[in-house]
Amino acid sequence: MFEADRSSALRLRDSEGRVYLDAVAGIGCAVLGHGHRRWVDAISTQLSKLASASNTFTTGPQQRLAAALAERFPVDDCRSFFANTGTEATEAGLKLALRATGRDVVVTCERAFHGRTIGSIALTANPKYREPYVRCMGEDASGRFATMNVVRVAFGDLAALEGVFAELGPRIAAFFVEPIQGEGGVWPASKAYLVGARELCDRHGALLGVDEIQCGFGRTGDWSAWETIVGRDGPRPDILWLAKAMGGGFPIGACLTRAELAEHMGPGTHGTTFGGNPAACAAALATIEVIETEGLLGSARAQLPTLQRLAEAEPCAEVTDVRGLGAMIGVQLGELDAGRAAAITPALAAAGLLATTPGGHTVRLLLPYVAGEAELLEAWRAIATACAQTPR
Ligand SMILES: Cc1ncc(COP(=O)(O)O)c(C=O)c1O
């Protein structure tokens, strides 16, 4: 088992001294690169000043972060609930949708991933995460309501979503969707799909929640992946989740919603001891500052087109697709059911690249936003080498 020992900028070193290009980056967390000086200083300064306050009191970093998010994310009259992880942010949004609408059904997508706590697992598609727990989740033997009244529809299929709304509309509290499915294999949604989903939710009085835990916070070249796809002047979601990149590698997540909806989560309805910890908020504020002062939205945005250009110049016969948006890149190898990406993972590490392979068919690159053409070429060549060295 690989033991991570140290990291610096774009590299991670294992306990035996081998150094890798890190395209896992804490699964999309270390977006500034590892150990950015400004980020480390901001956290250490805050730790010495006030490390812990609980959610009994507000703190300066919490208030500044809430204001910074409201300025940057496409949520009107934005309020933030701070959590420690993505799954907790999801849970907050799920409770909010159920309370605010008084309804009992939530619609999510096939291949969706929304987290691993019990509520979030119910929203998540992959049965392997859910099956050990369904006995306490009320799974319907008919399979109609897979768990906790969650209905799944094919991602990107507006007609299927329309069909579910036609059948269950008055019961549907919310539709939750990832603008780019990450764990499902790096699949961006189209503008027509997201705008159509917004219209359906409006027509049926349901809320629209977008899970940007993996794809948000600058990864697509805008603060919000929704905005990259739908546009700045387009419609907006009711709930938006963040985590991962938000802390630059320090644990923090957030559930953003309109003030009018946040009213449904009054004092005592939800909470967390550590959520909104001052050091975590300072980490998120420093992440925002570095992304803006170093122009990292632009460099994140450039990653996919750069890799596509490199792929054209040095083709690799096994690659069937290079897709994604900005710094969220999927390199698909072979057919979806062939498991080829999973098979080359050991050879990838041997070639000096750390990357995960969601779905088993796609090598996912979640490089820090600071990564440029040199690192993308290095990653591309490592994939080609690993393909060549792994027998089919
Ligand atoms: C889209 C999405 N939602 C939710 C989560 C859960 O986040 P966490 O692992 O921080 O609980 C993840 C994690 O990979 C994710 O990619």
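Calculation criteria
- Residues numbered from 1 in each chain as written.
- Predicted model: local features only at pLDDT ≥ 70, side-chain atom pairs only at ≥ 80, totals over all residues.
- Heavy atoms only, no water.
- Helix = DSSP H or I, 4+ residues; strand = E, 2+ residues; numbered from the N terminus.
- Expected span 1.5 Å × (residues − 1).
- Buried < 20%, exposed > 50% of the residue type's maximum accessible area, 1.4 Å probe, protein only.
- Contact = heavy atoms within 4.5 Å.
- Polar contact = N/O pair within 3.5 Å; in protein donor to acceptor, adjacent residues only side chain to side chain.
- Phe/Tyr/Trp six-rings, centres within 6.5 Å; stacked < 30°, edge-to-face > 60°.
- Pairing = 2+ DSSP bridges.
- Axes fitted to C-alpha atoms, helices over the stretch in contact; angles between N-to-C directions.

Caption draft 1: Spotlight on helix α11 (residues 278–293). Across its 16 residues, α11 extends 22 Å between first and last C-alpha, which sits within 8% of the 22 Å expected from 1.5 Å per residue. Of all 16 residues that make up α11, 12 are buried, and the element is covered over most of its length. Those residues of α11 that sit buried are Pro-278, Ala-279, Ala-280, Cys-281, Ala-282, Ala-283, Ala-284, Ala-286, Thr-287, Ile-288, Val-290 and Ile-291. Residues of α11 that are buried sit in contact with α2 (37–49), α3 (60–72), β4 (78–83) and α12 (296–313). Residue Asn-277 occupies the N-cap position of α11, its side-chain oxygen lying 2.8 Å from the main-chain nitrogen of Ala-279. With its phi angle positive at about 65°, Gly-295 sits one or two positions after the end of α11.

Caption draft 2: Spotlight on the packing of aromatic side chains. Scanning all chains against the criterion turns up 7 aromatic pairs. With a centroid separation of 5.5 Å and 75° between ring planes, the pair formed by Phe-113 and Tyr-129 is classed as edge-to-face. In this pair, Phe-113 sits in the loop between β5 (105–109) and α5 (118–123) while Tyr-129 sits in helix α6 (residues 127–130), placing the two residues 16 residues apart along the sequence. Each of the two residues, Phe-113 as well as Tyr-129, counts as buried. The structure contains a cluster of three or more aromatic residues connected by ring pairs, namely Phe-73, Phe-217 and Trp-223.

Caption draft 3: Summary view of the sheet that holds strand β1 (residues 4–8). Strand order in the open sheet made by the 4 strands is β1-β2-β3-β15, with mixed pairing throughout. The open sheet has two edge strands with one neighbour each: β1 and β15 (353–354).

Caption draft 4: Examining the sheet that holds strand β11 (residues 239–242) more closely. Pairing within the open sheet is mixed, and its 7 strands lie in the order β4-β12-β11-β10-β7-β5-β6. Looking along the sheet, the strands with just one partner apiece sit at the ends: β4 and β6 (150–153). In this sheet, adjacent strand axes meet at a mean angle of 20° when their direction is disregarded. Pairing geometry for β11 and strand β12 (residues 253–258), over 4 bridges, is antiparallel. The residue of β12 that forms the bridge with Leu-242 is Ala-254. Where helix α8 (residues 191–204) meets the sheet, it contacts β5, β7 (172–177) and β10 (207–211), and its direction lies at approximately 170° from that of β7.

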